[in-house]
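This is what each chain is made of:
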Amino acid sequence: MTQLSVTNLLGIKHLNKDDIQLIFKTADHFKEVINRPIKKVPSLRDITIANLFFENSTRTKLSFELAEKRLSADIINFSAAQSSVKKGESLIDTVNNILSMKVDIIVMRHPNEGAGHFLSKHIKAKIVNAGDGAHEHPTQALLDSYSIREKLGSVKGKKIVIVGDILHSRVALSNIYALQLQGAEVKLCGPTTLMPKYITQLGVSYENSLRKALEWCDVANVLRVQHERMDIKYFPSIREYTQLFGINKELLNSLNKEIVIMHPGPINRGVELTSDVADSKQAIILNQVENGVAIRMAVIYLLAQQIKR
Ligand code: NCD
């Protein structure tokens, strides 16, 4: 297979196993490129990409921008905070104005679930979802699986626990889809109030005890408590959350094996992970960030191959 089965990357839900293999194989190539003295290829010299960020972002925005630059695309950046969205402009109007500037691919982060889907029905440019509300964050899940594959040789047959605020996390849902597609076993752990009701329908299991979950797994992907998405209190206090679901070195050392620790960032140090865990050799958090650039280069490159030029 040399082509993706999809024309946009809206979510992992729409991908198949072969798409993931193709993205990983392409990312392997780009990972080698970004480790060369000249970290750039001319592949997308004729492509223009707009990065539309309607919600705050550090890593994802920088990672996409860098990936696009490494592919030699022309890029324009848009942040909602400094735009006419604040003057009441609709999403379609904003995007159509940007498209009149002859944009081929749109990378979009938006606070509303399904924003990318909606846009894909109305515009011709290709869309890459960089996070839509609490729904999907496909490139994060791809880089997470790619990092597990790099560290442990494969994703198939591995046991992964996702710890924390599943309810508000787009990273969790995309990871569940991606890991299951590749034959991994997925368990969730965290306060029951932060588990969505539909979760058992996705074929994952739940474990309330963090120790038991860690004893079971090969990899723990630890998520941030997303306070900005909470309008009510889901647990009594941060202190209690940390006591029950925070990972510290003592807990890790008391397990009878060495597990891999992942985190999509930004980390709340001292809440979901203590600093000695986040900075330990067991943690592959910075490898995830490095792999993010190669994965995003691969996704954009493969979508651009479908554009008639
Ligand atoms: C995540 C996000 O924005 O969904 N971060 C990221 O993209 N690296 C997770 C988070 O904000 O906690």
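That block above? That's the structure.
What comes next is a walk through the structure. As the structure is a computational prediction, the values presented were derived from the model and not from experiment.

## A few points about the pattern of salt bridges
Next, step 1: With the rule as written, the count across this model stands at 11 salt bridges.
Next, step 2: Of the charged contacts, one joins Lys31 and Glu150 as a salt bridge, the two residues approaching to 2.6 Å between their closest N and O atoms. Here the residue Lys31 occupies a position in helix H1 (residues 17–33), and Glu150 occupies one in helix H5 (residues 138–152), the gap between them amounting to 119 residues.
Next, step 3: For Lys31, a relative accessible area of 15% gives the class buried.
Next, step 4: Taking the relative accessible area as the measure of exposure, Glu150 reaches 39% and is therefore partly exposed.
Next, step 5: Through salt bridges with shared partners, one network takes in Lys31, Glu150 and Glu290.

## Structural notes on the sheet that holds strand E4 (residues 126–132)
Next, step 1: Read from one edge of the open sheet, 4 strands run E2-E1-E3-E4, paired in parallel fashion. A strand with exactly one partner marks an edge of an open sheet, and here the two such strands are strand E2 (74–79) and E4. With direction set aside, neighbouring strand axes in the sheet form an average angle of 15°.
Next, step 2: Relative to E2, strand E1 (residues 48–53) is paired through 6 bridges, and the arrangement is parallel. In the strand pairing of E2, Leu52 is matched with Phe78.
Next, step 3: Where helix H11 (residues 285–304) meets the sheet, its contacts fall on E1, strand E3 (105–110) and E4, and the angle it forms with E4 comes to roughly 150°.

## Brief notes about empty space enclosed by the protein
Next, step 1: Within the structure shown, the criterion is met by 1 cavity of 30 Å³ or more.
Next, step 2: In this structure, the largest cavity encloses a volume near 30 Å³.
Next, step 3: Considering the residues around the largest cavity, the lining is formed by Ala134, Ile166, Leu167, Ser169, Ala172, Leu173, Pro196, Tyr198 and Ile199.
Next, step 4: Across the lining of the largest cavity, the residue classes tally to 8 nonpolar, 1 polar and no charged.

Cut-offs applied
Residues numbered from 1 in each chain as written. Predicted model: local features only at pLDDT ≥ 70, side-chain atom pairs only at ≥ 80, totals over all residues. Heavy atoms only, no water. Salt bridge = Lys/Arg side-chain N within 4 Å of Asp/Glu carboxyl O. Helix = DSSP H or I, 4+ residues; strand = E, 2+ residues; numbered from the N terminus. Buried < 20%, exposed > 50% of the residue type's maximum accessible area, 1.4 Å probe, protein only. Pairing = 2+ DSSP bridges. Axes fitted to C-alpha atoms, helices over the stretch in contact; angles between N-to-C directions. Contact = heavy atoms within 4.5 Å. 1 Å grid on protein atoms, 1.4 Å probe; cavity = no way out; pocket = protein on both sides within 12 Å on 5 of 7 lines; lining within 4 Å. Points joined across faces, edges and corners; volume = space filled by probe spheres on them. Nonpolar A, V, L, I, M, F, W, Y, C, P; charged D, E, K, R; others polar.

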